[in-house]
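One-letter residues, chain by chain:
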Amino acid sequence: MGSLIRYHNLFETRRLVCLLGVVFGLALMIQYFGFPYGYALSSLFTANGGQISSSQRVDQSGNFSRSDNLKHGSVVNATNTNLINETTNETKLSDANNEEVEDGSMPSMNERSGDTLTEDVDPEDESPFKDSKLDNKSNVESLGRNSSLPPDKAADSEDDLQASNSTSESSLSRVVDTDGGGSISPAPTEDKSLEISPTALSIAPPPLVVTPQVNLDAKKEAPLISSYQNISEKEGNTGHLLESDNLPVQKRTDHAPTVSHKIPVMKESDKPIDSVVSIAEMNVMQQETRTSFRSMKPRWSSDVDQELLHAKSVIENSPLARNEPGLYAPLYRNLSMFMRSYELMEQILKVYIYTEGARPVFHTPVLKGIYASEGWFMKLLKRNKKFVTKKPKKAHLFYLPFSSRMLEETLYVPDSHSRRNLVRYLSDYLDIIIQRHNFWNRTAGADHFLVACHDWAPAETKGIMANCIRALCNADIKEGFQFGKDVSLPETYIRAEKNPLREIGGKRLSKRQTLAFFAGNMHGYLRPILLNNWENKDPDMKIFGKISKVSYVQYMKSSKYCICAKGYEVNSPRVVEAIFYECVPVIVSDNFIPPFFETLNWEAFAIFVPEKDIPKLKDILISIPDRRYREMQRRVKLVQQHFLWHVKPVKYDIFNMILHSIWHNRVFGVRTR
């Protein structure tokens, strides 16, 4: 009898289990057909099941279009119970930048990298983290967004991309549109500068899930959604939102949704870039993109777009320029257009500077060393009353005031060989900007710009800020530099903060007895090749390793040609130093886009030598007729004004030239609805 009862109970249990299985299967089928694009499971197991997570894509012309990947749902705020039943789409931001790079070849903390020399320390040593292999890996991981690598390299790198995406933990904000004309706006928050203490930097609060308020009456504010991914304690908790931000939040759970982020990146050409792009080819690419490149189509119209279009028309139809004191036509691609563009910039350009951002990464200019360009620009722009506006609706450009130097110095974990937390920190900052304002969402960041001189800046910004105008010292085609959008930022080594023009100039031609000069630490693969071919090989070729600062400056001042050989990256402060000391620069760095490339005709005053031709270096230099050298040296002195920092900016100086390059690219890339 007892066995019969047990058998009956077992039978009933199995029947109950089967019944539950059938019910669960039916539920899955209902979910599947209710979410025909494969999001049934995610809809069941999402922490905030009503959160919308949809996608939007951009075609090659820059227009927003519907994606096939949509979810139906609702957005519920902790303080607002309005329900949205409309289908939405959003621009996904790429999270592949949050790569964890592990490379034992990265220089140790005491093996500092850099360029120019001092008596005891190589000033290029200010950055202890340059490493060619590390950044080569980041180059590969950026292939899907920047289209800078040949297809064969792209194919070989899919595994790296997948590995990177599988460990992505950055939380990036998206643009979300609604079909019904309504929009979702973030909760209003006060615009104030975010302050951070050293304690707050080292112990940051856990990542947050941000659910914006619903505002059905809003017509232009760009809706957005921000969801933070899981981040383990082992990866560190530095670089997240601050408790003082006062953003509307929901408490995180272990089932926070995982979203694949991709940002649309404009391509200047579908043609694969060869391994080495000559300066002549760069000139062609620059000219083509000036007439063909267009930024993202804005989601709603603005008066500033019409002002930019008018400026573009005026610049393109500039009359032949009259003689302008101090401007020599052969130095420029088109002097008439440059003068008209510069004039219009002074007349109408307005820049809005975001007040958000925690010190020291934001709003903290570094005014000495090889990365001083970004700091001097930040300082001088903040003080400028002509260009800066506090009315964002009047702004043609929006400045993201972060220091790539301070980002690395503050957040990089020594010997970690990972930039993930640096990228995450910028991502969180961008989330705050998008939550509090709607300016980014109007153009997907196309009217925003950053100025960053650290070698890692291209890799740190290529995903989350890919649509921005990026002024970068590390202007490398292989790192995703886009002609027509990005700007090559001059890397200037500032020794004296109070007197950046100290020691300017050099000896007259008759006193320049040395044919060519180079000195520096053996950073990267190229410099050892240079020394192996020329050190102590020829009395006319003064090629050294590390020497004293005094000797370095004297050689610069007394040499005809100054060799500007790349280190770990393509950029080097020697390019500007050569001009500073009135020495004709000889640039030996493949795929380096020289500063102000959209404006200056670099071949008029500089020599470009392919890396493979280092053994022929002297033959190349002595083949230049003396008459041509004298003219080039004279032009170096004339172009020098564009590369000088002044405590108070003067017309055509480096501050105004940087701003003009950004303005120029915005004008020629503007689009309207």
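This is a predicted model, so every value here is computed, not measured.

The rules behind these values
Residues numbered from 1 in each chain as written. Predicted model: local features only at pLDDT ≥ 70, side-chain atom pairs only at ≥ 80, totals over all residues. Heavy atoms only, no water. Core = buried A, V, L, I, M, F, W, Y, C linked by side-chain atoms within 4.5 Å. Buried < 20%, exposed > 50% of the residue type's maximum accessible area, 1.4 Å probe, protein only. Helix = DSSP H or I, 4+ residues; strand = E, 2+ residues; numbered from the N terminus. Contact = heavy atoms within 4.5 Å. Disulfide = S-S within 2.5 Å. Polar contact = N/O pair within 3.5 Å; in protein donor to acceptor, adjacent residues only side chain to side chain. Pairing = 2+ DSSP bridges. Axes fitted to C-alpha atoms, helices over the stretch in contact; angles between N-to-C directions. 1 Å grid on protein atoms, 1.4 Å probe; cavity = no way out; pocket = protein on both sides within 12 Å on 5 of 7 lines; lining within 4 Å. Points joined across faces, edges and corners; volume = space filled by probe spheres on them. Nonpolar A, V, L, I, M, F, W, Y, C, P; charged D, E, K, R; others polar. Expected span 1.5 Å × (residues − 1). Arc of directions from axis to C-beta. Phe/Tyr/Trp six-rings, centres within 6.5 Å; stacked < 30°, edge-to-face > 60°. Lys NZ or Arg CZ within 6 Å of the ring centre and 35° of its normal. Parallel < 35°, antiparallel > 145°, perpendicular 65-115°, else oblique. pLDDT = per-residue confidence, 0-100. Patch = residues over 30% accessible without salt bridge, like charges linked within 9 Å, V, L, I, M, F, W, Y side chains within 5 Å. Areas by Shrake-Rupley, 256 points an atom, 1.4 Å probe, with all protein chains shown as cover. Salt bridge = Lys/Arg side-chain N within 4 Å of Asp/Glu carboxyl O.

What follows covers the nonpolar core. By size, the foremost hydrophobic cluster in this structure holds 112 residues, and its most contacted members are Phe377, Phe449, Tyr561, Ile563, Trp602 and Phe605. The element that contributes the greatest number of residues to this core is helix 21 (residues 654-669), accounting for 9 residues. Ignoring any residue separated from it by four or fewer positions in sequence, one finds Trp602 in contact with Val575, Ile579, Ile587, Pro594, Pro595, Phe597, Phe608 and Phe643. Judged by nonpolar contacts, the second largest core, of 30 residues, contains Phe362, Phe398, Ala457 and Ile464.

Take the state of the cysteines next. Taken as a whole and assessed by the stated rule, the structure comprises 2 disulfides. A sulfur-sulfur separation of 2.0 Å characterises the disulfide bridge that pairs Cys453 with Cys473. In this structure, the disulfide formed by Cys453 and Cys473 twists by about -90° around the S-S bond and is classed as left-handed. Of this pair, Cys453 sits in the loop between strand 8 (448-452) and helix 15 (457-461) while Cys473 sits in the loop between strand 9 (469-472) and strand 10 (487-488), placing them 20 residues apart in sequence. Accessibility classification places Cys453 together with Cys473 in one group, the buried group. At a sulfur-sulfur separation of 2.2 Å, the disulfide partner of Cys562 is Cys583.

For the rest of this paragraph, the subject is the side chain of Asn591. Mapped onto the secondary structure, Asn591 falls in the loop between strand 14 (584-588) and strand 15 (607-608). A relative accessible area of 6% places Asn591 in the buried class. Within polar-contact distance, the side chain of Asn591 engages the backbone nitrogen of Val277 at 2.7 Å. Aside from chain neighbours lying at most four places away, what touches Asn591 is Ser275, Val276, Val277, Met282, Ala475, Asp476, Ile477 and Lys478.

Judged by pairing direction, the sheet is parallel, and its 5 strands sit side by side in the order 12-11-13-14-15 without closing on themselves. Two strands lie at the open edges of the sheet, namely strand 12 (541-543) and strand 15, each paired on one side alone. Against the sheet, helix 20 (residues 626-639) touches strand 13 (559-565), strand 14 and strand 15, its axis set at about 95° to strand 14.

The buried fraction of strand 13 is high, at 6 of 7 residues. Pairing analysis gives 3 bridges linking strand 11 (residues 514-518) to strand 13, with the strands arranged parallel. Paired with Thr514 across the strands is Ser559, a residue of strand 13. Sheet analysis places strand 13 next to strand 14, joined by 5 bridges and oriented parallel. Paired with Cys562 across the bridge in strand 14 is Pro585.

Attention now moves to the environment of Asn532. Structurally, Asn532 is set in helix 16 (residues 526-534). Judged by its relative accessible area of 58%, Asn532 is exposed. For the pair formed by Asn532 and Ile543, sequence separation is 11 residues and the distance between their alpha carbons is 9.6 Å.

This part is about the side chain of Arg635. Mapped onto the fold, Arg635 is located in helix 20. Not counting the four nearest positions on each side in its chain, Arg635 is found in contact with Tyr328, Pro330, Leu331, Ala604 and Phe605.

This brings us to empty space enclosed by the protein. Tallying each qualifying case throughout the model produces 8 cavities of 30 Å³ or more. If you go around the largest cavity, you meet 18 residues; those closest to its centre are Tyr493, Ile494, Arg495, Pro500 and Phe580. When the residues that make up the lining of the largest cavity are grouped by side-chain class, the tally is 12 nonpolar, 2 polar and 4 charged.

Here helix 20 is 14 residues long and its end C-alpha atoms lie 20 Å apart, about the 20 Å a rise of 1.5 Å per residue gives. Buried residues of helix 20: Tyr629, Met632, Gln633, Arg635, Val636 and Val639, and no others. Here the buried residues of helix 20 occupy an arc of 160° about the axis, which is enough to place them on one side. Of the surrounding secondary structure, the elements contacted by the buried residues of helix 20 are strand 13, helix 18 (574-580), strand 14 and strand 15.

Attention now goes to the packing of aromatic side chains. Within this structure, the stated rule accounts for 29 aromatic pairs. Relative to Trp645, the ring of Trp376 has its centre 6.0 Å away and its plane inclined at 35°; by these criteria the two rings are tilted. Of this pair, Trp376 sits in helix 11 (residues 372-383) while Trp645 is found in the loop between helix 20 and helix 21, placing the two residues 269 residues apart along the sequence. Its relative accessible area of 0% is what places Trp376 among the buried residues. Classification of Trp645 by relative accessible area gives buried; the value is 2%. Between Phe517 and Phe544 the ring centres are 6.4 Å apart and the planes differ by 55°, which places this aromatic pair in the tilted class. Separated by 27 residues along the polypeptide, Phe517 in strand 11 and Phe544 in the loop between strand 12 and helix 17 (549-558) bring together distant segments of the chain. By relative accessible area, which is 22% here, Phe544 ends up partly exposed. The ring of Trp376 has Lys379 lying over it, and the distance from NZ or CZ to the ring centre is 5.1 Å. For the cation-ring pair, Arg419 lies above Trp456, with the distance from its terminal atom to the ring centre recorded as 5.2 Å.

The next thing to look at is the packing of helix 10 (residues 335-348) against helix 21. For the pair helix 10 and helix 21, the least separation of the axes is 10 Å and the interaxial angle reads 95°. Judged by the angle between their axes, helix 10 and helix 21 are roughly perpendicular. Facing Met337, Phe338, Ser341, Tyr342, Leu344, Met345 and Ile348 of helix 10, the residues of helix 21 in contact are Asn656, Met657, Leu659, His660, Trp663 and Phe668. In terms of residue class, the contact of helix 10 with helix 21 is made up of 10 nonpolar, 3 polar and no charged.

Residue-level pLDDT values for the protein average 72, and 62% of them are 70 or greater. Predicted confidence for residues 34-121 stays below pLDDT 50, and this span has 279 contacts to residues more than four positions away or in other chains.

Moving on: a nonpolar patch on the surface. There is a patch of nonpolar side chains on the surface, built from Leu16, Leu19, Leu20 and Val23 and spanning about 390 Å² of accessible area. With respect to the secondary-structure elements, Leu19 resides in helix 1 (residues 2-34).

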